[in-house]
Amino acid sequence: MEQKPSRRTFLTIAAAGAGGLALTGAGLPSRTLPRDPFTLGVASGDPSRDGFVLWTRLAVDPLAPDGRGGMPSRDVDVEWQVAADERFARVVRSGAETARPGAAHSVHVEPAGLEPGREYFYRFRVAGHVSPTGRTRTAPVALSPLTLAVAACAHYEHGYYTAYRRLAEQEPDLVVHLGDYLYEYAHRGYTAPGGAVRRHAGDRCATLADYRLRHAQYKTDPDLRAAHAAAPWLVAFDDHEVENNWAAGVSGNGTPRFARRRADAFRAYYENMPLRRASVPHGASMRVHRRVDWGPLARFHLLDTRQFRDDQACDDGARAGCDDRLDTGRSMLGEDQRRWLLDGLAASGARWNLVGQQVLMARKDTRVGPGSEVNLDSWDGYAAERARLLAGFRDSGAANPVVLTGDAHMHHAADLRLDFDDPDSPRVAVELVTSSISSDGDGYRDEGKVAETIAENPHISYLDQRRGYIVCRVTAGELSADFRTLDRISRRGAPARTGARFTVPAGRSALV
Ligand SMILES: [Fe+2]
């Protein structure tokens, strides 16, 4: 039976001898930790119909410069519990894992055999310390509505994470995070118009220790921890989890021994994300493209637009007159992933096919008037493969493809047409692009600039350069998308408002 949660707040259970706490598992660690090791919070991800992955990482001193979180260089036993209720009166699964120094004392647990389509609560315990409680869900078997939040791009220095807080307050069933979860720069290595409201710890990320420290610092933010604790996440990286605009084996910044850099960044990414074992990196290689099914309602196709792409054409950047971007041999996904995607679409019986990926798919000409200028890091730099993909959306017969995108630091809603130069060309999908959580600071809304851009790109119907996220309500009959915006993130406490709402009726592949 499907169960829908009522609104609720999260209990944080006092660490010391919480009354009635009955964590199972013999062999409690005899050695204690001097301070709370749950400073980085808890997270869950990749729900299936009978389980999910649960995550935590122990750190008594998150900002320790060596990236080890102040943890001793020994294994630490961690107990975990999954309960049907928030007070853990009905514990349905429990066990113990070992947090190892070689994995930055992270823990990934994949409980299975749970009931489909329902809410669960989880927590961890170490040496008498109890973690905050997280809420998560299993995927449904029946056709039931889905509330989905979409987020991306959260530069820590550029603003507070109020958007994550507001997202958590909406208690979505699922969060899709499309990358730039963190940024690799040193303090002021990338400045927003409003400057820095806080400071990256450490230098520009170059070593495993640097990436571990950076991940830890981001998770010290209580708003980010609240967003993780509110719902299971589907995560996929973009460029800044490694470094700006990298492309497969090619550094965007001339980094020597880039494969080593990538391997370290991937390792830290896995250690700090609620990813299943299938995503454990092997050196500089890591599998993040994957499918997640949400019953008969939705199939998520999560893409990796970095690891297999050809290097950006014409030296990257925003440029006019780059013919190489049209080369039919160029690929963003790589042949294997493209085939995997199209096969997965063709085989999908889901009512909605939600393609989560990083960079803008709609053509976007940013030059007003004659001529065009496009961002070569986005799909405009891989135009021939985009055309094949859009034709593939249509030819696959997959129902209701909707592309979910990050990276742009600006909300966009767009129709994806087979030929963007022909306004009568068939619409084959819709693209919803989320603005950033914090990257580029407060942002603004410039009606004149919006009107100019839409005039150049009539398939785009909405733009907003304020910070925010998207909340989608998906039913059998329609997908409605609320573009949530915040007036400021340079100070805490701004409310989130719905800047625009679009509806995609099932069977239409078009914004209404
Ligand atoms: Fe970004």
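The preceding data block contains the structure.
Note that the coordinates shown come from a computational prediction; the quantities given were computed from them, not determined experimentally.

Engineer: How do you make sense of the state of the cysteines when you look at a structure like this?
Structural biologist: Two cysteines whose sulfur atoms are joined by a covalent bond form what is called a disulfide. For the coordinates displayed, the defined rule picks out one disulfide. Disulfide pairing is shown between Cys-314 and Cys-322; the S-S distance is 2.0 Å. Its S-S torsion of about 85° marks the bond between Cys-314 and Cys-322 as right-handed, since a negative value means left-handed. Judged by its relative accessible area of 28%, Cys-314 is partly exposed.

Engineer: What's the story with helix H2 (residues 208–219) in this structure? I'm lost.
Structural biologist: Between the first and last C-alpha of H2 there are 17 Å, a value that for 12 residues agrees with the 16 Å anticipated at 1.5 Å per step. Here H2 lies mainly inside the structure; 10 of its 12 residues are buried. Considered for burial, the residues of H2 that qualify are Leu-208, Tyr-211, Arg-212, Leu-213, Arg-214, His-215, Ala-216, Gln-217, Tyr-218 and Lys-219. Of the surrounding secondary structure, the elements contacted by the buried residues of H2 are strand S2 (53–57), helix H3 (222–230) and helix H4 (258–271).

Engineer: Just checking my understanding: could you explain the packing of aromatic side chains for this structure?
Structural biologist: How two aromatic rings sit relative to each other is set out by the distance from centre to centre and by the angle between their planes. As enumerated under the stated definition, the model contains 18 aromatic pairs in all. Residues Trp-246 and Phe-258 carry aromatic rings whose centres are separated by 6.0 Å and whose planes lie at 50° to one another, so their mutual orientation is tilted. You can see Trp-246 sitting in the loop between strand S11 (233–235) and H4 and its partner Phe-258 sitting in helix H4, a full 12 residues away along the chain. Pair check on accessibility: Trp-246 and Phe-258 agree, each one buried. Between Tyr-462 and Phe-502, the aromatic rings sit 5.8 Å apart at their centres with planes inclined by 50°, giving tilted as the arrangement. Taken together, the positions of Tyr-462 in strand S21 (residues 460–474) and Phe-502 in strand S23 (residues 496–505) put the pair 40 residues apart, joining distant regions of the chain. The pair Tyr-462 / Phe-502 is uniform in exposure class, with both members buried. Following the ring pairs from residue to residue traces out a cluster consisting of Tyr-156, Tyr-161, Tyr-164, Tyr-181, Tyr-218 and Trp-233. Taking the ring centre of Phe-88 as reference, the NZ or CZ of Arg-123 above it sits at 3.8 Å. Above the face of the Tyr-156 ring, Arg-198 is positioned so that its terminal group lies 3.8 Å from the ring centre.

Engineer: Where do I start with the coordination of the iron ion in this structure?
Structural biologist: Six octahedral donors around a metal ideally sit at 90 or 180 degrees from one another, while four tetrahedral donors ideally sit at 109.5 degrees. The iron ion binds to the protein through Cys-153 (SG), Asp-180 (OD), Tyr-183 (OH) and His-409 (NE2), with metal-donor distances spanning 2.0 to 2.7 Å. Taken together, the four donor atoms coordinating the iron ion span angles of 85 to 164° at the metal, a pattern that classifies the geometry as irregular.

Engineer: Help me understand the pairing of strand S10 (residues 174–177) in this model?
Structural biologist: Where a strand is regular, its side chains alternate between the two sheet faces. A two-sided burial pattern is seen for S10, the buried positions comprising Leu-174 and Val-176 on one face and Val-175 and His-177 on the other. Note: strand S9 (residues 146–151) against S10, four bridges, orientation parallel. Across the sheet, the residue bridging to Val-150 is Val-176, located in S10. Considered for its hand, the β-α-β crossover made up of S9, helix H1 (residues 162–169) and S10 is right-handed.

Engineer: It is not clear to me how the nonpolar core should be interpreted in this structure. Could you clarify?
Structural biologist: Within soluble globular proteins, side chains that are nonpolar tend to cluster in buried spots. Counting residues in each nonpolar core, the largest one holds 79 residues, and the members touching the most others are Leu-148, Tyr-164, Phe-300, Trp-352, Leu-354, Leu-432 and Leu-479. Every residue in contact with Tyr-164, bar those within four places of it in the chain, is listed here: Ala-151, Ala-154, His-177, Tyr-181, Asp-223, Leu-224, Ala-227, Trp-233 and Ile-437. One finds Trp-340, Leu-341, Phe-393 and Ala-414 within the second-largest nonpolar core, a separate group that totals 26 residues.

Engineer: Any chance you could explain the environment of Asp-46 here in plain terms?
Structural biologist: Take Asp-46: it is sitting in the loop between strand S1 (42–45) and S2. We classify Asp-46 as buried; its relative accessible area is 5%. For the pair Asp-46 and Ala-139, spaced 93 residues apart in the sequence, the C-alpha separation amounts to 9.1 Å. With residues up to four places along the chain from it excluded, the contact list for Asp-46 reads Gly-51, Phe-52, Val-53, Trp-233, Leu-234, Arg-276, Arg-290 and Val-292. A polar contact is formed between the side chain of Asp-46 and the side chain of Arg-290, at a distance of 2.6 Å.

Engineer: Would you explain the environment of Arg-291 in this entry?
Structural biologist: Assignment of secondary structure puts Arg-291 in strand S12 (residues 290–294). For Arg-291, a relative accessible area of 31% translates into the label partly exposed. For Arg-291 and Ala-149, which are 142 residues apart along the polypeptide, the C-alpha to C-alpha distance reads 17 Å. Residues in contact with Arg-291, not counting those within four places in the same chain, are Arg-299, Phe-300, His-301, Trp-340 and Gly-344.

The rules behind these values
Residues numbered from 1 in each chain as written. Predicted model: local features only at pLDDT ≥ 70, side-chain atom pairs only at ≥ 80, totals over all residues. Heavy atoms only, no water. Disulfide = S-S within 2.5 Å. Buried < 20%, exposed > 50% of the residue type's maximum accessible area, 1.4 Å probe, protein only. Helix = DSSP H or I, 4+ residues; strand = E, 2+ residues; numbered from the N terminus. Expected span 1.5 Å × (residues − 1). Contact = heavy atoms within 4.5 Å. Phe/Tyr/Trp six-rings, centres within 6.5 Å; stacked < 30°, edge-to-face > 60°. Lys NZ or Arg CZ within 6 Å of the ring centre and 35° of its normal. Donors = N, O, S within 2.8 Å, 3.2 Å for Na, K, Ca; no water. Tetrahedral: all angles 85-135°; square planar, octahedral: opposite > 155°, others 65-115°. Pairing = 2+ DSSP bridges. Right-handed = clockwise from strand over helix to strand, strands pointing away. Core = buried A, V, L, I, M, F, W, Y, C linked by side-chain atoms within 4.5 Å. Polar contact = N/O pair within 3.5 Å; in protein donor to acceptor, adjacent residues only side chain to side chain.

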